[in-house]
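Notes for the structure review
Now for the letters of each chain:
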Amino acid sequence: MGAARRYVALGDSFTEGVGDTSRHLPNGVRGWADRVAEGLARHEPGWEYANLAIRSKRLRHIIAEQLGPAVAMEPTLVTLYAGGNDIMDVGTRVPDILADYEFLVGRLAATGARLVLFTGYDVEVSAVLSPLRRKNHQYNDGVRQIAARHGADVVDYAEFGAYRDPRMWCVDRLHMSKAGHKYLAARVLEVLEVPHAITLKEKAEGPAPSWQDWGRDQWRWIRDWVLPMFARKLRGVTLGDTLTPRWPEPVRVPPRKGLKKLARVSSGRD
């Protein structure tokens, strides 16, 4: 037998799977990367998978904590989304972000693995965050250029019109919902030229909210998500501080029933 085919995912909440809740899986989430791993295993049994991503991580954390373990795993395929949290931090400069990003990409590309990178979507949650859009556009241009220099594939998330639908986002308006993660998994598998059967359930849109309902919804979002986020920034803490990677070591992905089956076996429920 030849060397194992191994998929390693690096990054932050985007790749960890935040927004796609699953009480049976590590850290209580599933996400697009798990779905990609399962798609690979169904198409070609024998794939192994590790997911080192943890919510809230900045590029410096990913370089310090995830890069070394990822390289040591001798991956066949690597996906990387990183830099979104750096963009949202006050005072960061895009050239500095892209310098760290290219260092990370260069080290991963040197493994010989197929490398898949992502642009960042303009999440139109509020006018409060609109100044970040210019930084995001500069970052996306940089990602495309870095990918070209290092022979990486790009999943151009920024250009996916499907994400204009609010149902693709979870209640915090910054992370994808289950539907959003499923859609992205399908797009990644298509870039990899792996057939899949991922489909989204069609749901009729409800009636437009009244101004009163819209106002209450805005206040709940600010109270439940925006203010706590800024409070964490002031305290210097993040939601990922107490978490560990979901799949820190490569696991063989079952071609049937996927990672949920593996999680049940590991917990003794099977």
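Residues numbered from 1 in each chain as written. Predicted model: local features only at pLDDT ≥ 70, side-chain atom pairs only at ≥ 80, totals over all residues. Heavy atoms only, no water.

Sheet strands associate in pairs through backbone hydrogen bonding, adopting either a parallel or an antiparallel arrangement. Pairing is mixed in the open sheet, where 6 strands are placed in the order E5-E4-E3-E1-E2-E6. On the outer flanks of this sheet lie strand E5 (153-155) and strand E6 (247-252), each paired with one strand and no other. For this sheet, the mean angle separating the axes of adjacent strands, direction not counted, is 15°. Note that strand E4 (residues 114-118) and E5 share 3 bridges and pair parallel. Along E5, the bridge assignment pairs Val116 with Asp153. Strands strand E1 (6-11), strand E3 (77-81) and E4 of the sheet are contacted by helix H5 (residues 94-109), whose axis makes an angle of about 155° with E4. On the sheet, helix H7 (residues 178-191) packs against E4 and E5 and is oriented at approximately 155° with respect to E5. (Pairing = 2+ DSSP bridges. Helix = DSSP H or I, 4+ residues; strand = E, 2+ residues; numbered from the N terminus. Axes fitted to C-alpha atoms, helices over the stretch in contact; angles between N-to-C directions. Contact = heavy atoms within 4.5 Å.)

This model, assessed by the stated rule, comprises 18 salt bridges. As a salt-bridge pair, Glu16 and Arg55 come within 2.8 Å of each other at their nearest N and O atoms. Placement of Glu16 in helix H1 (residues 13-16) and of Arg55 in the loop between strand E2 (48-51) and helix H3 (59-72) is noted, with a sequence separation of 39 residues between them. On the basis of relative accessibility, which here comes to 18%, the residue Arg55 falls in the buried class. Between Asp165 and Arg167 there is a salt bridge whose closest N-O contact spans 2.8 Å. Look at Asp165 and you get partly exposed, because its relative accessible area is 22%. (Salt bridge = Lys/Arg side-chain N within 4 Å of Asp/Glu carboxyl O. Buried < 20%, exposed > 50% of the residue type's maximum accessible area, 1.4 Å probe, protein only.)

The two faces of E2 match: Glu48 and Ala50 on one face and Tyr49 and Asn51 on the other face are all buried. Note: E2 against E6, 3 bridges, orientation antiparallel. Bridge assignment links Tyr49 to a residue of E6, and that residue is Val251.

The next subject is the packing of H5 against helix H6 (residues 132-150). Closest axis-to-axis distance for the H5/H6 pair is 10 Å, and the angle between their directions is 25°. Viewed along their axes, H5 and H6 adopt a mutual orientation that is roughly parallel. In this structure, the crossing between H5 and H6 has a hand that is right-handed. The residues of H6 that touch H5, namely those facing Val94, Ile97, Leu98, Tyr101, Glu102, Val105, Gly106 and Ala109, are Lys135, Gln138, Tyr139, Gly142, Val143, Ile146, Arg149 and His150. (Parallel < 35°, antiparallel > 145°, perpendicular 65-115°, else oblique. Left-handed = near helix turned anticlockwise from the far one by under 90°.)

To continue, consider the nonpolar core. Counting 66 residues, the largest nonpolar core has Tyr7, Trp32 and Leu184 as the members making the most contacts within it. Ranked by residue count, the leading element in this core is H5, at 7 residues. If we ignore the near neighbours within four places in the chain, the residues touching Trp32 are Tyr7, Phe14, Thr15, Thr79, Phe118, Met176, His181, Leu184, Ala185 and Val188. (Core = buried A, V, L, I, M, F, W, Y, C linked by side-chain atoms within 4.5 Å.)

This part takes up the packing of aromatic side chains. Each aromatic ring pair is specified by the distance between its two centres and by the angle formed by the two planes. Here the structure, examined in full by the defined rule, presents 14 aromatic pairs. Note on Tyr163 and Tyr183: the rings are 5.5 Å apart at their centroids and 85° apart in plane angle, and the pair reads as edge-to-face. In this pair, Tyr163 sits in the loop between E5 and H7 while Tyr183 sits in helix H7, placing the two residues 20 residues apart along the sequence. Taken together, the ring pairs connect Phe14, Trp32, Tyr81, Phe118, Tyr121, Tyr157, Phe160, Tyr163, Trp169 and Tyr183 into an aromatic cluster. Positioned above the aromatic ring of Tyr183, the side-chain terminus of Arg187 is 4.4 Å from the ring centre. (Phe/Tyr/Trp six-rings, centres within 6.5 Å; stacked < 30°, edge-to-face > 60°. Lys NZ or Arg CZ within 6 Å of the ring centre and 35° of its normal.)

Bringing helix H2 (residues 32-43) into the picture now. Here H2 spans 16 Å end to end across 12 residues, near enough to the 16 Å set by a 1.5 Å rise per residue. Across the 12 residues that make up H2, a large majority, 10, are buried. (Expected span 1.5 Å × (residues − 1).)

Let us look at the pairing of E1. Across a regular strand the side chains alternate sides, sitting on one face of the sheet and then on the other. With respect to burial, E1 is a largely interior element, 6 of its 6 residues being buried. Across the two faces of E1 the burial is the same, with Arg6, Val8 and Leu10 and Tyr7, Ala9 and Gly11 all buried. Strand direction decides the pairing type here: E1 and E2, joined by 4 bridges, are parallel. Opposite Arg6, over in E2, you have Glu48 as the bridge partner. Taken together, the 5 bridges between E1 and E3 define a ladder with parallel strand orientation. Bridging from a neighbouring strand, Tyr7 pairs with Leu77 of E3.

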